[in-house]
Amino acid sequence: DEEHADLEGVRGGLALTIFTSVYASELFRSALRGIPLELQDAARMLGLSRVQVVQHIILPLTLRSLMPPLTGLAVTVFKDSSVLAIIGVGELTFTSQQLSASEPIGFFLILAATCMLYMVVGISGSTVLRMIDHHCRWHDATCQPEGINQ
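Residues numbered from 1 in each chain as written. Predicted model: local features only at pLDDT ≥ 70, side-chain atom pairs only at ≥ 80, totals over all residues. Heavy atoms only, no water.

Draft legend 1. Structural detail: the overall build of the protein. When you go through the protein residue by residue, the secondary structure sums to five helices and zero strands. What you see in the protein, going N to C, is helices and strands ordered as α-α-α-α-α. Looking at the protein as a whole, 22% of its 150 residues qualify as buried. Total accessible area on the protein stands at roughly 10,700 Å², and carbon and sulfur atoms take up 68% of it. (Helix = DSSP H or I, 4+ residues; strand = E, 2+ residues; numbered from the N terminus. Buried < 20%, exposed > 50% of the residue type's maximum accessible area, 1.4 Å probe, protein only. Areas by Shrake-Rupley, 256 points an atom, 1.4 Å probe, with all protein chains shown as cover.)

Draft legend 2. Quick peek at the packing of aromatic side chains. This structure, assessed with the given rule, holds one aromatic pair. Ring plane angle 25° and centroid distance 6.1 Å describe the contact between Phe 19 and Tyr 23, whose orientation is recorded as stacked. Residue Phe 19 and its partner Tyr 23 are located together in helix H1 (residues 2–33), separated by four residues, close to a single helical turn. Overall, Phe 19 belongs to the partly exposed group, its relative accessible area being 41%. (Phe/Tyr/Trp six-rings, centres within 6.5 Å; stacked < 30°, edge-to-face > 60°.)

Draft legend 3. Representation of the pattern of salt bridges in the model. Evaluation of the coordinates by the stated rule reveals one salt bridge. Here Glu 26 ties to Arg 29 by a salt bridge, and the two come within 2.4 Å at their closest N and O atoms. Pair noted here: Glu 26 and Arg 29 are both in helix H1, with a separation of three residues, about one helical turn. Note on Arg 29: relative accessible area 38%, which makes it partly exposed. (Salt bridge = Lys/Arg side-chain N within 4 Å of Asp/Glu carboxyl O.)

Draft legend 4. Up close: helix H3 (residues 50–80). When the terminal C-alpha atoms of H3 are compared, their 39 Å separation across 31 residues is substantially less than the 45 Å that a helix rising 1.5 Å per residue should span. By the largest-angle criterion, Met 67 marks the main kink of H3, which is about 45°, and a proline, Pro 68, follows within four residues. Among the residues of H3, Val 53, Ile 57, Ile 58, Pro 60, Thr 62, Leu 66, Met 67, Thr 71 and Leu 73 are the ones counted as buried. (Expected span 1.5 Å × (residues − 1). Bend = angle between axes of the 7 residues up to and from the residue.)

Draft legend 5. Inspection of the confidence of the model for the protein at higher detail. Summing up the model confidence of the protein, the mean pLDDT is 75 and the portion of residues at 70 or higher is 71%. Looking at the elements of the protein, mean pLDDT is at its lowest for helix H4 (residues 92–102), recorded as 68, and at its highest for helix H2 (residues 37–45), recorded as 89. (pLDDT = per-residue confidence, 0-100.)

Draft legend 6. Highlighting the packing of H2 against H3. Following both chains from N to C, one finds H2 and H3 inclined at 145°, their axes separated by 10 Å at the closest point. Our pair here, H2 against H3, has a crossing hand that is right-handed. For the pair formed by H2 and H3, the contact residues are Leu 39, Gln 40, Ala 43 and Arg 44 on the first element and Arg 50, Val 53, Ile 57, Ile 58 and Leu 61 on the second. Here the residues of the contact of H2 with H3 are counted per class, giving six nonpolar, one polar and two charged. (Axes fitted to C-alpha atoms, helices over the stretch in contact; angles between N-to-C directions. Left-handed = near helix turned anticlockwise from the far one by under 90°. Contact = heavy atoms within 4.5 Å. Nonpolar A, V, L, I, M, F, W, Y, C, P; charged D, E, K, R; others polar.)

Draft legend 7. Inspection of a nonpolar patch on the surface at higher detail. A cluster of nonpolar side chains, namely Leu 14, Ile 18 and Val 22, defines an oily patch on the protein surface of about 290 Å² accessible area. Among the structural elements, Ile 18 can be located in helix H1. (Patch = residues over 30% accessible without salt bridge, like charges linked within 9 Å, V, L, I, M, F, W, Y side chains within 5 Å.)

Draft legend 8. Summary view of the side chain of Thr 62. Looking at the secondary structure, you find Thr 62 in helix H3. If we skip the residues at most four places from it in the chain, Thr 62 touches Ala 31, Leu 32 and Ile 35.

Below, the structure is given as structure tokens:
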């Protein structure tokens, strides 16, 4: 029976991984397609190599446009991991329910601790991603190829 529970956990993790991978790849594809070809052509006309175009033009613009949707995806994956409890994976909410069943007096204390943990992880993750996004936006001027002025 324990073996069956482990298999369910693997299946749930695999399902979440596949979903997240497909969604993230679509985000990357749309961010790359959002960069105008004319911008890449102009950089090549200025004498930049393909590596320089990718390093100084494509990657900074892609990362800048990817930060908001990737932040949303990270928060969604964190929340959706709770769904795995339904298919048998022992996660935070499920574990807290199990603990509160054995300690009826501490039900609200355990539930409050669980909520606080979700808030700490969610807010911390959002804050870190917001700082990365701010860093990318602040360094936009340094993301341009040398010798090209606005």
